Amino acid sequence: MKTVCLIGRPNTGKSSLFNRLIGEDRSIIMDMPGITRDRIYGEVVYQDKKFSVIDTGGLELGEGNFREDILMQATFAIDEADLILFVVDGKTELNQSDYMIRDMLLKAKKEVLVVVNKIDNPKRKEEIYRFYELGFENLIATSASHKTGIKELLEFITKDIPVKPANEEDSICRFCLIGRPNVGKSSLVNAVLNEERAIVSDVAGTTRDATDSMFTYHGKPYIMVDTAGIRKRGKIYENVEKYSLLRSMKAIEKSDVCVLVLDAVEGITLHDKHIAGMAIEAGKALVLCVNKWDKVENPDQAIKKWQELLKYEFQFATYAKVVFLSALTKKRIHLFMPEVIAAYENHERKVKTSLINTVIEEAVMLHQPPSYKGKRLKIYFVNQEGVRPPKFVFYVNNKGLVHFSYERYLENKIRENFDFTGTPIQLHFKNRKEE
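Residues numbered from 1 in each chain as written. Predicted model: local features only at pLDDT ≥ 70, side-chain atom pairs only at ≥ 80, totals over all residues. Heavy atoms only, no water.

### Re the sheet that holds strand 2 (residues 40-46)
Argument step 1. Strand order in this open sheet of 6 strands is 2-3-1-4-5-6, and the pairing throughout is mixed. This sheet does not close on itself; its edge strands, each paired only once, are strand 2 and strand 6 (138-141). On average, adjacent strands in this sheet sit at an angle of 25 degrees to one another, irrespective of strand direction.
Argument step 2. Docked against the sheet, helix 5 (residues 150-158) engages strand 1 (2-7), strand 2, strand 3 (49-55), strand 4 (83-89), strand 5 (111-117) and strand 6, running at close to 90 degrees with respect to strand 2. (Pairing = 2+ DSSP bridges. Helix = DSSP H or I, 4+ residues; strand = E, 2+ residues; numbered from the N terminus. Axes fitted to C-alpha atoms, helices over the stretch in contact; angles between N-to-C directions. Contact = heavy atoms within 4.5 Å.)

Quick look at the structure:
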């Protein structure tokens, strides 16, 4: 798949442009330089042509606290990219940071398109030609906030991407193993594959990159991705470990299901919950895998205690599938794939419009929305508008009247009536007059 990355100094509108391309607010946008620090991945489909896009932190000269990290991540992004969108601010003059980025991109010898952003009126468009002094042949004017120039930008990006039917690999369940270092992810890979595919060691951090393994289970193909152990940010010292973290984040983004591997001996840590949050934020199905079960005393009693513990510690993901096993001895390993498959199937589950509306109508009759200043929320119609994860759009009289507790009530009613175990579901509210 073609990979496109956005590079530029802070506050040129890269994140706004990224969000406009992928069609959702995934990058944080603030009128303050340096908000985006990590690379953020997304996929775009335009006229049956698909490409991957990466947002990066703003690059500038100086001694900022995160400058070295941002530069390193941008360098990785450039290395991955087939096309680089060099985003500049059309309202300001070029500065030393722009020229520093220009020199870096010339050395990379990649295809570069200069995107002159914030061009929101015809007069400014006449001034864009001064940006040819950067020395790149291709240039496009855009305004991410006003949605202008986006079509032209997409046309340029996809001009050499052939229209293809859905990639066969897209229909294959892809799941990744995530977790702290040394919880047994590589051992689990070997246990599932029934071979010594991954290097297994007691030294934390043995796996440095995300590695893909395609295998067959009950006659169907699957892709399993082993990732490097995700350390706390304060404990990431080496550049190679920072690179491993970024690759793990990309593996999460590209997977359908994330399997969080927990250590049955060490128990649940705050960092385990943070890693689970990364998967949930990315909208992925989640399986909690408690590994090293062979080292647990009285496993029958322990499993009940663990179930209660998981329910308490992962209150934000009570829908997650759970499996207890030992990758080393392969005890209970037969339970692993059925839970992954069930989470995957629910992740792409579609519900008939008539059925979801019946469920919501009954839910509203059972429990009316609370009123606010004499006004009450009315739900006119519900429609499922996507999968992976399932997305439901509620057309209402005023989305400002939606209280978080009532939204949670509606989600619970949906889960009571349809099997969405293992996957997050997203509820969006739109005023009926909106598109």
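Okay, back to it.
### Brief notes about the pairing of strand 15 (residues 379-386)
Argument step 1. As paired strands, strand 15 and strand 16 (residues 391-396) are joined by 6 bridges and run antiparallel to one another. The residue bridging Ile379 from the neighbouring strand is Val396, located in strand 16.

### Section: the pairing of strand 4
Argument step 1. Most of strand 4 sits inside the fold, with 7 of its 7 residues counted as buried.
Argument step 2. Here strand 4 shows a buried face lined by Leu83, Leu85, Val87 and Asp89 and a second buried face lined by Ile84, Phe86 and Val88.
Argument step 3. The sheet contact formed by strand 1 and strand 4 spans 4 bridges and is parallel. Bridging from a neighbouring strand, Leu6 pairs with Leu85 of strand 4.
Argument step 4. Pairing geometry for strand 4 and strand 5, over 7 bridges, is parallel. Within strand 5, the residue paired with Val88 across the bridge is Val116. (Buried < 20%, exposed > 50% of the residue type's maximum accessible area, 1.4 Å probe, protein only.)

### What to know about the packing of aromatic side chains
Argument step 1. Tallied over the full model, the rule gives 12 aromatic pairs.
Argument step 2. For the pair Tyr129 and Tyr132, a centre-to-centre distance of 6.1 Å together with 15 degrees between the ring planes defines the contact as stacked.
Argument step 3. Classification of Tyr129 by relative accessible area gives exposed; the value is 54%.
Argument step 4. Assessed through its relative accessible area of 34%, Tyr132 is described here as partly exposed.
Argument step 5. When the ring of Phe314 is compared with that of Phe316, the centres are 5.7 Å apart and the planes differ by 55 degrees; the resulting orientation is tilted.
Argument step 6. The ring of Phe156 carries the charged tip of Lys159 above its face, separated from the ring centre by 3.8 Å.
Argument step 7. Over the aromatic face of Tyr380 sits the side chain of Arg432, whose NZ or CZ is 3.7 Å from the ring centroid. (Phe/Tyr/Trp six-rings, centres within 6.5 Å; stacked < 30°, edge-to-face > 60°. Lys NZ or Arg CZ within 6 Å of the ring centre and 35° of its normal.)

### Let's talk about the pattern of salt bridges
Argument step 1. All chains considered together, the criterion is met by 16 salt bridges.
Argument step 2. In this structure, the salt-bridge partner of Glu266 is Arg180, at a minimum N-O distance of 2.9 Å. Placement of Glu266 in the loop between strand 10 (257-263) and helix 8 (270-281) and of Arg180 in the loop between strand 7 (173-178) and helix 6 (185-193) is noted, with a sequence separation of 86 residues between them.
Argument step 3. For Arg180, a relative accessible area of 11% puts it in the buried group.
Argument step 4. Where Lys273 meets Glu313, a salt bridge forms, and the shortest distance between an N and an O atom there is 2.8 Å. Separated by 40 residues along the polypeptide, Lys273 in helix 8 and Glu313 in helix 9 (residues 299-313) bring together distant segments of the chain.
Argument step 5. Residue Lys273 is classed as partly exposed on the basis of its relative accessible area, which comes to 21%. (Salt bridge = Lys/Arg side-chain N within 4 Å of Asp/Glu carboxyl O.)

### Looking at the nonpolar core
Argument step 1. Ranked by internal contacts, the top residues of the largest apolar core, which has 30 residues, are Leu260, Leu286, Trp293 and Leu310.
Argument step 2. Secondary structure elements with two or more residues in this core: strand 7, strand 9 (220-226), helix 7 (239-254), strand 10, helix 8, strand 11 (285-291) and helix 9.
Argument step 3. Setting aside chain neighbours within four positions, we find Leu310 in contact with Leu262, Ile268, Leu288, Val290, Val322 and Phe324.
Argument step 4. Counting residues in hydrophobic clusters, the runner-up holds 28 residues, among them Leu188, Val192, Cys289 and Val323. (Core = buried A, V, L, I, M, F, W, Y, C linked by side-chain atoms within 4.5 Å.)

### Overview of helix 1 (residues 14-22)
Given 3.6 residues per turn, any residue in an α-helix points the same way as the ones three and four places further on.
Argument step 1. For helix 1, the tally of buried residues reaches 7 of 9 residues, placing the bulk of the element in the interior.
Argument step 2. Every buried residue of helix 1 is accounted for by Lys14, Ser15, Leu17, Phe18, Asn19, Leu21 and Ile22.
Argument step 3. Contact partners of the buried residues in helix 1: strand 1, strand 2, strand 3, strand 4, strand 5 and helix 5.
Argument step 4. At the C-terminal side of helix 1, Gly23 shows a positive phi close to 80 degrees.

### Brief notes about helix 11 (residues 353-366)
Argument step 1. Compared with an ideal rise of 1.5 Å per residue, which puts 14 residues at 20 Å, helix 11 spans 20 Å between its outermost C-alpha atoms and is within 8% of the ideal.
Argument step 2. Residues of helix 11 that are buried: Ile356, Asn357, Val359, Ile360, Ala363 and Val364. For helix 11, the buried positions fall inside an angular range of 160 degrees around the axis, keeping them on one side. Exposed and oriented more than 90 degrees from the buried face of helix 11 are Ser354, Glu361, Met365 and Leu366.
Argument step 3. Buried residues along helix 11 sit in contact with strand 15, strand 16 and helix 12 (404-417). (Expected span 1.5 Å × (residues − 1). Arc of directions from axis to C-beta.)

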